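# Coordinate analysis (summary)
Chain by chain, the residues:
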Amino acid sequence: MITLKVNGKQLNADVDPATPLLWVLRETLGLTGTKYGCGMAQCGACTVHLDGEAIRSCVKRVADATGKEITTIEGLSPDLSHPLQRAWMEIDVPQCGYCQSGQLMSAAVLLAENSKPTDNDIDEAMTGNICRCGTYPRIRQAIHRAAEIKARGGNAK
Amino acid sequence: MSAAMKRRDFLKTGAAVGGGLLVTLYLPELAQAGVSAKPSDKLKSVAPATFAPNAFIRIAPDDTVTVIVNKSEMGQGVYTSLPMLIAEELEADWSKIKVESAPVDQAYNHTVFGMQLTGGSTSTASEWVRFRKAGATARMMLIAAAAQDWKVEPQSLRAENGFVVHTASGRRASFGSLADTAATLTPPKDVPLKDPKDFKIIGKPRRRLDTPAKVNGSAQFGLDVQIAGMMTALVARPPVFGGKVVSLNAEKAKAVAGVKDVLQVPSGVAVIATGFWPAKLGRDQLEIKWNDGPNANLSTVGMREQYATLGKNPGLIARKVGDPAKALAGATKTITAEYEVPYLAHAMMEPLNCVVDLRADRCEIWTGTQLQTGDRMAAAATAGLKAEQVQIHTTLLGGGFGRRANPASDFVVEAVQVAKAAKVPVKVVWTREDDLRGGYYRPMWYDRMAGGVDAAGNPVAWTHTIVGQSIFQGTFFEQFGIKDGIDSASVEGAADLLYGIPNLQVDLHTPRIGVPVLWWRSVGHSHNGFAVEAFFDELAHAGGKDPYELRRALLANQPRMRAVLDLVAQKANWDKPLPAGRGRGIATHFSFDSYVGQVAEVSVDKTGAVRVHRMVCAVDCGQVVNPDSVKAQMEGGIIFGLTAALKGEITLEAGRVKQRNFHDYEMLRINEAPEIEVHIMPSTENPTGVGEPGVPPVAPAVANAIFAATGKRVRKLPIRLVK
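Being a predicted model, the structure only gives us computed values, none of them experimental.

## What to know about the overall build of chain B
When you go through chain B residue by residue, the secondary structure sums to 22 helices and 29 strands. Taken over the C-alpha trace, chain B has a radius of gyration of 27 Å; the compact-globule value for 723 residues is 27 Å, and the two agree within 12%. In terms of its C-alpha atoms, chain B occupies a principal-axis envelope of roughly 80 × 75 × 45 Å. Within chain B, the proportion of its 723 residues that are buried is 59%. Across chain B, contacts joining residues at least 24 apart in sequence account for 78% of those joining residues at least 6 apart.

Structure representation (structure tokens):
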């Protein structure tokens, strides 16, 4: 039995310790917001936070995530209030939406570490996340907008 | 699906297969049971307090207006734009709108194609009248209900933001409160629609209804479906298309913890397990001996030679104007060129998957599909059931691009076969490797072009020989898509060249190759747009003409395209010089009844690396429903087109696909994404396509810009200038 701390809750999973964290989150714990896209850390769809770092859960053994704080898209905010979620809705970033959980989780780490990212900072932080629908211009725009929202204490106006 | 299935053909045949414009007035549940009930009967028996005037609208007592959308949401925004059509005529309160995906039923058939599907960039165009009429019908019935309750004339009432209002007294009733009465009324026959000048919703940007669920992880895609007792299956498919299992040793696979069974199915060997990971570990342990079959020696290098040999002679003539051979012979200057593009995988971010719960007398399927009718028929045939015993729940699609509209229903049929063998509910999941190596690619194409200009530099002759596989061949669309041996999808965007060139020939060779092919966002236009628009640039330069000015001159009889061309040239500052090292290229393309022009601004560094700095796009897609969605589709089409121009290539060697995952089948990433500007031409013409038309002009605009920057011609995709 493996114990994980996900979105602030202690959860148990009876799985092989070598199973990638992604499949434990999705299939054992039912947190399907984290997506499978490639299985080899190439696309970023499976991005979650491990002790505040953006990691690719498709190549992270679940055993290596024990004792750490795991945050998934479901834990980004309880009510769509995260500045990134607000900006994403304001600018209507998603198209098919499949990669967006991973985009948001990567962007959240960027924004936590850099309150006013430049286009270059964004490109650098977000290059690991593929969007086949081509929402990149809006992702850039929305990260800038989220930085503004955050600077105003989360107030969207 | 392709717009090459010309609308006129479908209008003729559509009626025969149950299409045509119909506002069907029965509930889908009853229709599925074969009962065609009048609205009043079904409403009494099924949902007494809900008003369902037609298959697309349900109004509940709590004022919720549920719009049942018959098009698959794969990112293009139909779960917002189609409800906008209904809300406009219904005078609904937008905050009360909810969306549900339609079950499979002929009430939801495509108005032109006669079956339930999403494709050909036709969702808005095909529902433009039906959805508005559905909304107007409901509004008239709600007004009639209030008139009956209040004993006043319907003419004294109006609908406004979810209420019926008596203009004289100001008395109001919400739609929900009128549902009960409205449900007893007969729908009106004659339903007038608004004058476009009165539109309040159509044509104004509106935020997507599906965005909140897509930013908190709650949006449900096919891969997210979990049902009771479900196992996960991965299938080992042959390494060569058409290969068969000779022998199987499943011992090691069965020893993997969590693997429940290993079963041979028609497409290969299925590993049934408690989840994805054990299924994958089990599949890795399979020992399978394959018979590679007839395609064992197939290689794309060899095919290229074969195509080039075929291209030396004209094929079947798709279009001929004047006497191109004579005109070429008499031209002041002639040029020829070979253009080529590779196989491409759709590579939707959500790999294919399908959940099947198969019982003795029914089959329930959850999947993200673009082709409900075909998939249901194929699933029924596979399961040995009647079509009405198969229910398909269309989930959100994590990208489609045509891959999820397969007339062969490959991923659905296979999942039913696995469920049949496993005798438990299963979710068949494709890995990224399975997706990239699974075929159903955009065909590889070879184009041989020749052109001639007169002494003044004006084009007088144009010939275009196209070589590539047919998409329609062997599918149930064949009778619509192929005429006299010409697959319309092979020649679309080439045979219907808009430029006024007096002598012209477009002809086609259709080799049969054992690689499955399929429509891929913009279909035939994806290669013809490149060959035609890049060669046009060559011809302009051969005649000493500015490529923009020459296009303009030859579009004299194409006012809409010419206006788009002018708009994009103006917005891109075509006449202003660029800094040294940068080049600008222009391309236009007509596809899916829409007119698109694009200008690319690029630079090429010393190593040959191409950087696209800016893309300016102008589009005329008729009356726009949600301008922000049109903008998003152009942005997305440009990124998709850039991936094809700069990255995408599926190759085969010894029958085997070489690429495996995103490390060797690369996608454009954010650091490579240019600045994109989209300009929409105001129009009151009927709406036309937006999902695909943004793609075709991208590669030629970039290729032409590279020529402007470096003097090097690009005639092969993906563009590889790196030494």
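## What to know about the overall build of chain A
If you tally the helices and strands in chain A, you get 5 helices and 5 strands. Taking 2.2 N^0.38 as the reference for a compact globule, 157 residues should give roughly 15 Å; the C-alpha atoms of chain A span a radius of gyration of 15 Å, in line with that estimate. Counting only C-alpha atoms and orienting by the principal axes, one finds that chain A spans roughly 45 × 30 × 25 Å. Each of the 157 residues in chain A was classed as buried or not, and the buried ones make up 61%. Contacts in chain A between residues at least 24 apart in sequence constitute 62% of all its contacts with a sequence separation of at least 6.

## Structural notes on the sheet that holds strand E5 (residues 69-71) of chain A
Residues and elements named next belong to chain A. Spatial strand order, E2-E1-E5-E3-E4: 5 strands in an open sheet with mixed pairing. The sheet terminates laterally at strand E2 (9-13) and strand E4 (53-56), the two strands that pair on one side only. Averaged over all pairs of adjacent strands, the angle between strand axes in this sheet comes to 40 degrees, irrespective of strand direction. Sheet analysis places strand E3 (residues 47-50) next to E4, joined by 4 bridges and oriented antiparallel. From the neighbouring strand, His 49 faces E4, where its bridge partner is Ala 54. Along the sheet, helix H3 (residues 100-113) makes contact with E3 and E4, crossing E3 at roughly 35 degrees.

## Section: the packing of H3(A) against helix H4 (residues 119-126) of chain A
Residues and elements named next belong to chain A. The contact between H3 and H4 brings their axes to 10 Å, and the two run at 130 degrees. Classified by the angle their axes make, H3 and H4 are oblique. Classified by chirality, the crossing of H4 by H3 is right-handed. Across the interface between the two elements, Gln 103, Ser 106, Ala 107 and Leu 110 from H3 touch Asp 121, Ile 122, Ala 125 and Met 126 from H4. Taken together, the residues that form the contact of H3 with H4 break down as 5 nonpolar, 2 polar and 1 charged.

## A look at the interface of chain B and chain A
Tallying the contact residues gives 46 residues for chain B and 43 residues for chain A. Listed by contribution, the elements that provide at least two residues to the side of chain B that touches chain A are helix H8 (211-215), helix H10 (276-284) and helix H21 (627-646) of chain B. Ranked by residues supplied to the side of chain B that touches chain A, first place goes to H21(B) with 7 residues. Grouping the amino acids of the side of chain B that touches chain A by side-chain chemistry returns 23 nonpolar, 13 polar and 10 charged.

## What about the sheet that holds strand E7 (residues 172-174) of chain B?
All names here are of chain B. Ordered by their spatial adjacency, 3 strands build an open sheet running E5-E6-E7, and the pairing between neighbours is antiparallel. Strands with a single pairing partner mark the edges of an open sheet, and in this sheet they are strand E5 (157-160) and E7. For this sheet, the mean inter-axis angle between neighbouring strands, taken without regard to orientation, is 25 degrees. Note: E5 against strand E6 (residues 163-166), 4 bridges, orientation antiparallel.

## Re the confidence of the model for chain B
Residue and element names in this part refer to chain B. Predicted confidence across chain B gives a mean pLDDT of 93, with 93% of residues reaching 70 or more. Confidence drops under a pLDDT of 50 for residues 1-48, and excluding neighbours within four residues, the segment shows 105 contacts in the predicted structure. With a pTM of 0.94, the predicted complex shows an ipTM of 0.98.

## Looking at the nonpolar core
Residue and element names in this part refer to chain B. Of all hydrophobic cores here, the largest spans 285 residues; its most connected members are Leu 142, Ala 233, Cys 617, Val 619, Val 702 and Ile 706. Ranked by residue count, the leading element in this core is helix H6 (residues 130-150), at 11 residues. Leave out the neighbours within four places in its chain, and Val 702 touches Gly 585, Ala 600, Val 602, Val 612 and Ala 645.

## Some thoughts on H10(B)
The buried fraction of H10(B) amounts to 8 of the 9 residues, a majority that puts the element mostly inside the structure. Among the residues making up H10(B), those that are buried are B:Phe276, B:Trp277, B:Pro278, B:Ala279, B:Lys280, B:Leu281, B:Gly282 and B:Arg283. Against helix H1 (21-28) of chain A together with strand E8 (231-236), helix H9 (251-254), strand E10 (259-265), strand E11 (268-273) and strand E18 (426-429) of chain B lie the buried residues of H10(B).

## So, the pairing of strand E15 (residues 353-358) of chain B
Residue and element names in this part refer to chain B. With respect to burial, E15 is a largely interior element, 5 of its 6 residues being buried. With 4 bridges joining them, E15 and E18 adopt antiparallel strand pairing. Note that in E18 the partner of Asn 353 across the bridge is Val 429. Two elements, E15 and strand E16 (residues 363-367), share 4 bridges in a ladder whose sense is antiparallel.

## Considering the packing of helix H2 (residues 83-91) of chain A against helix H5 (residues 136-151) of chain A
Residue and element names in this part refer to chain A. Contact geometry of H2 with H5 gives a least axis separation of 8 Å together with a crossing angle of 130 degrees. Judged by the inter-axis angle, H2 sits oblique to H5. For the pair H2 and H5, the crossing hand works out as right-handed. Across the interface between the two elements, Pro 83, Leu 84, Arg 86, Ala 87, Trp 88, Glu 90 and Ile 91 from H2 touch Arg 138, Gln 141, Ala 142, Arg 145, Ala 146, Ile 149 and Lys 150 from H5. A per-class count over the contact of H2 with H5 returns 8 nonpolar, 1 polar and 5 charged.

## What to know about H6(B)
Between its first and last C-alpha atoms H6(B) spans 30 Å; for 21 residues at 1.5 Å apiece the expected length is 30 Å, and the two agree. The element H6(B) is extensively covered by neighbouring structure, given that 17 of its 21 residues are classed as buried.

## Observations concerning unusual backbone geometry
Residues and elements named next belong to chain B. With omega at -5 degrees, the peptide bond leading from Leu 717 into Pro 718 counts as cis. You can see Pro 718 is positioned in the segment after helix H22 (698-710). Not every positive phi belongs to a glycine, and Phe 401 is a case in point at roughly 60 degrees. Among the secondary structure elements, Phe 401 is positioned in the loop between strand E17 (390-394) and helix H14 (410-422). Phe 401 sits in the buried class, given 28 other C-beta atoms within 10 Å.

## Structural notes on the environment of B:Tyr548
Residues and elements named next belong to chain B. In this structure, Tyr 548 sits in helix H19 (residues 547-554). With 21 C-beta atoms packed within 10 Å, Tyr 548 lands in the buried category. Note: C-alpha distance between Tyr 548 and Glu 672 (124 residues apart in sequence) is 26 Å. Ignoring anything within four residues of it in the chain, the contact list for Tyr 548 reads Ala 569, Trp 574 and Ile 586.

## Topic: the environment of B:Ala159
Residues and elements named next belong to chain B. Its location among the elements puts Ala 159 in strand E5. Sequence separation between Ala 159 and Met 140 is 19 residues, and the spatial gap between their C-alpha atoms is 8.6 Å. Among residues more than four places away in sequence, those in contact with Ala 159 are Glu 91, Arg 139, Leu 142, Ile 143 and Val 164.

Rules used throughout
Residue numbers restart at each chain and count upward from 1, following the sequence in its written direction. Written order decides the labels, with chains lettered from A and ligands numbered from 1. pLDDT decides what is reported in this predicted model: residues at 70 or higher carry local features, side-chain atom pairs at 80 or more are listed and counted, and totals for whole chains, interfaces and linings draw on all residues regardless. Secondary structure elements are defined from DSSP: runs of H or I of at least 4 residues count as helices, runs of E of at least 2 residues count as strands, and each element is numbered from the N terminus. Radius of gyration: C-alpha atoms only; globule rule: 2.2 Å multiplied by the number of residues to the exponent 0.38. Between the buried cut of 20 or more and the exposed cut of 12 or fewer other C-beta atoms within 10 Å of a residue's own C-beta lies the partly exposed class, and all C-beta atoms are placed from the backbone. Residues are defined as contacting one another if the C-beta atoms placed from their backbone atoms lie within 7 Å. Pairing between two strands requires that DSSP report at least two bridges joining them. Working convention: axes come from line fits to C-alpha atoms, limited for helices to the stretch in contact. Angles between N-to-C directions cover 0 to 180 degrees. Roughly parallel refers to an angle under 35 degrees, roughly antiparallel to one over 145, roughly perpendicular to one between 65 and 115, and oblique to any angle outside these ranges. Crossings are sorted by hand: turned counterclockwise from the far helix by less than a right angle, the near helix makes the crossing left-handed, and turned clockwise it makes it right-handed. Classification convention: Asp, Glu, Lys, Arg as charged; Ala, Val, Leu, Ile, Met, Phe, Trp, Tyr, Cys, Pro as nonpolar; all other residues, Gly among them, as polar. On a range of 0 to 100, pLDDT expresses the predictor's confidence in each residue. Joining buried Ala, Val, Leu, Ile, Met, Phe, Trp, Tyr and Cys residues through C-beta atoms within 7 Å gives a set, and that set is a nonpolar core. Helices are assigned an expected span. That span is 1.5 Å times one less than the residue count.

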